[in-house]
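Next come the chains, spelled out residue by residue.
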Amino acid sequence: ILTICFKILRGFHLQKQKITPAENQIWLHKWGGYEILYEEIEEGSLFSLAYMVVYIIRTIFFFAIIANFYDYPLAQSIIITVINVVIFIYLLCCKPLKDLLTSVQLVISEILGNILTICVLTLAILDSAEIEARSSRVTIGNVIITTMLIFYILGMIFLLIKIVLFIKAAYKTWKEMRALG
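All figures in this text were calculated on a predicted structure; none of them were measured in a lab. (Residues numbered from 1 in each chain as written. Predicted model: local features only at pLDDT ≥ 70, side-chain atom pairs only at ≥ 80, totals over all residues. Heavy atoms only, no water.)

**Comments concerning the nonpolar core**
(1) Moving on: Core analysis: the largest hydrophobic core is formed by ten residues, namely Ala50, Tyr51, Val54, Tyr55, Ile87, Tyr90, Leu91, Cys94, Leu97 and Leu106.
(2) Moving on: Sorting the residues of this core by element identifies helix H4 (51–68) and helix H5 (73–94) as the ones contributing at least two each. (Core = buried A, V, L, I, M, F, W, Y, C linked by side-chain atoms within 4.5 Å. Buried < 20%, exposed > 50% of the residue type's maximum accessible area, 1.4 Å probe, protein only. Helix = DSSP H or I, 4+ residues; strand = E, 2+ residues; numbered from the N terminus.)

Right under this line is the structure:
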């Protein structure tokens, strides 16, 4: 499945580079329903184009790991932490999104997600080693709660920023249209 997805993305990338504006309209009409896969993505490299596919596969793996490794919480935690760190590195190296604000929001979300997975990994290690460490567990729990609180607050802040930017752009467009008659 992964190979097929990358071949399709490679085809998108190569085809987009070789077409004329008229052919581009035909291409957009043909693939218009799939713009979510490429619309806000940087077109500089295949790795950038693969952004949505990588995230979809990551989500599938996450649920597969949770379901199939239910009896092995340490293995779950290790695999999910490794996947999250790899995705974070991918985001930093490829910078797949065009919009700076969305990119910043995504990187911050990944940082917070990595903090959470590291906390869960630490708890899984403590459980696996049968270490009580009550004060450490309480501290980790507080870190998890604080991280989730920061995640929700930052989500609201980014939403407000995007609403303000939308209203500002709509007002500018309204003024321009009004000036034209």
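Anyway, onward from the coordinates.
**Side note on helix H7 (residues 134–180)**
(1) Moving on: With 47 residues, H7 ought to run about 69 Å at 1.5 Å a step, and its terminal C-alpha atoms sit 69 Å apart, in line with that.
(2) Moving on: When H7 is considered as a whole, its buried residues turn out to be Ile140, Thr147 and Phe158.
(3) Moving on: In this structure, the buried residues of H7 make contact with helix H6 (100–128). (Expected span 1.5 Å × (residues − 1). Contact = heavy atoms within 4.5 Å.)

**Description of the packing of aromatic side chains**
(1) Moving on: One pass over the full model with this rule turns up three aromatic pairs.
(2) Moving on: Seen in terms of ring centroids, Phe62 and Phe63 are 5.4 Å apart; in terms of plane orientation they differ by 80 degrees. Their pairing is edge-to-face.
(3) Moving on: Its relative accessible area of 36% is what places Phe62 among the partly exposed residues.
(4) Moving on: Accessibility expressed as a relative area gives 53% for Phe63, which makes it exposed. (Phe/Tyr/Trp six-rings, centres within 6.5 Å; stacked < 30°, edge-to-face > 60°.)

**Regarding the pattern of salt bridges**
(1) Moving on: This model, assessed by the stated rule, comprises two salt bridges.
(2) Moving on: Here Glu110 and Arg58 are joined by a salt bridge, their closest N and O atoms 2.7 Å apart. One end of the pair, Glu110, is in helix H6; the other, Arg58, is in helix H4, and 52 residues separate them in sequence.
(3) Moving on: Overall, the relative accessible area of 7% leaves Glu110 in the buried class.
(4) Moving on: With its nearest N and O atoms 2.8 Å apart, the salt bridge here joins Arg137 to Asp127. Taken as a pair, Arg137 in helix H7 and Asp127 in helix H6 lie far apart in primary sequence, ten residues in all.
(5) Moving on: For Arg137, a relative accessible area of 24% translates into the label partly exposed. (Salt bridge = Lys/Arg side-chain N within 4 Å of Asp/Glu carboxyl O.)

**Regarding the state of the cysteines**
(1) Moving on: Applying the stated criterion across every chain, the model contains zero disulfides.
(2) Moving on: Free cysteine: Cys93, not disulfide-bonded; nearest cysteine sulfur from Cys94 at 6.2 Å. (Disulfide = S-S within 2.5 Å.)

**Section: H6**
(1) Moving on: Helix length check: H6, at 29 residues, gives a terminal C-alpha distance of 41 Å against a target of 42 Å (1.5 Å per residue), a fit within 8%.
(2) Moving on: Taken as a whole, H6 has its buried residues at Leu101, Ser103, Leu106, Glu110, Leu112, Asn114, Thr117, Cys119, Leu121, Ala124 and Leu126.
(3) Moving on: If you follow the buried residues of H6, they end up packed against H4, H5 and H7.
(4) Moving on: Downstream of H6 by one or two residues, Glu130 has phi in the positive range, about 55 degrees.

**Digging into the packing of H6 against H7**
(1) Moving on: Their axes nearest at 10 Å, the elements H6 and H7 cross at an angle of 165 degrees. Here H6 lies roughly antiparallel to H7, going by the angle between them. Pair H6 / H7 crosses with left-handed handedness.
(2) Moving on: Residues that form the contact of H6 with H7 fall into these classes: 19 nonpolar, five polar and three charged. (Axes fitted to C-alpha atoms, helices over the stretch in contact; angles between N-to-C directions. Parallel < 35°, antiparallel > 145°, perpendicular 65-115°, else oblique. Left-handed = near helix turned anticlockwise from the far one by under 90°. Nonpolar A, V, L, I, M, F, W, Y, C, P; charged D, E, K, R; others polar.)

Spatial relationships are all this shows, so hold off on functional conclusions.
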